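Summary of structural features
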Amino acid sequence: MGLFNTMRISASGLSAERLRMDTVTSNITNATTTRGEDGKPYVRKIAVFQENLDEAKGLNGVKSVGIIDDKSPLKEVYDPTHPDANEEGYVTMPNVNLLNEMADMIAASRSYEANADTLDATKSMFTKTLELGR
């Protein structure tokens, strides 16, 4: 595996983790959104990745496959004063758990940092190699 391939893999990891952090940010922002444009509560989003394989070159990192809706059930909260409450006084809330989102944000942030450090180390190797040639 060459240094350029290492840089490509790290760059794809940076891009993937950025998408994951953006998705988590959207989830946190909409954690109390009970009525969206479609009139329904917000549904938690999940960023989906897969390995990016090339038969000739091997592993090229990860690629974003898309963003999907979380299939877990929405929460029912009793609040008869809420404008979106049903006849029984229950409000359908998003399926966003802030603790899980914060854990996902920390994991994405650490992974992003690891990829950035790998990119920096690779750049340093390039620089040292060029210095040897002088």
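Please read these numbers as outputs of a predicted model, since none were measured by experiment. (Residues numbered from 1 in each chain as written. Predicted model: local features only at pLDDT ≥ 70, side-chain atom pairs only at ≥ 80, totals over all residues. Heavy atoms only, no water.)

1. A look at the UniProt feature "domain: Flagellar basal-body/hook protein C-terminal" (unreviewed entry) in the protein
Here the UniProt-annotated "domain: Flagellar basal-body/hook protein C-terminal" (unreviewed entry) positions come out as residues 88–132. Within residues 88–132, the helical portion is 78% and the strand portion 9%, while the C-alpha atoms at the span's ends are 76 Å from each other. (UniProt positions renumbered as here; feature names shortened; annotations may be inferred. Helix = DSSP H or I, 4+ residues; strand = E, 2+ residues; numbered from the N terminus.)

2. Overview of the environment of Ser124
Along the chain, the position of Ser124 falls in helix H2 (residues 98–132). When its relative accessible area of 37% is taken as the criterion, Ser124 is described as partly exposed. Separated by 29 residues in the primary sequence, Ser124 and Asn95 have C-alpha atoms spaced 44 Å apart. (Buried < 20%, exposed > 50% of the residue type's maximum accessible area, 1.4 Å probe, protein only.)

3. A closer look at the environment of Ile46
Residue position: Ile46 is located in strand E1 (residues 45–54). Accessibility expressed as a relative area gives 29% for Ile46, which makes it partly exposed. Between the C-alpha atoms of Ile46 and Lys123, which are 77 residues apart in sequence, the distance is 32 Å. With near-sequence residues (within four places) excluded, Ile46 lies in contact with Thr23, Gly66, Ile67, Ile68 and Asp70. (Contact = heavy atoms within 4.5 Å.)

4. Details of the pairing of strand E4 (residues 90–93)
Going residue by residue along E4, you find Val91 and Met93 tucked away on one face and Tyr90 and Thr92 left uncovered on the opposite face. Note: strand E3 (residues 75–78) against E4, four bridges, orientation antiparallel. Bridge pairing in E4 links Tyr78 to Tyr90. (Pairing = 2+ DSSP bridges.)

5. What about the packing of aromatic side chains?
Going through the model one piece at a time under the given rule, you end up with one aromatic pair. One residue, Lys45, lies across the ring of Tyr42, its end atom 5.2 Å from the ring centre. (Phe/Tyr/Trp six-rings, centres within 6.5 Å; stacked < 30°, edge-to-face > 60°. Lys NZ or Arg CZ within 6 Å of the ring centre and 35° of its normal.)

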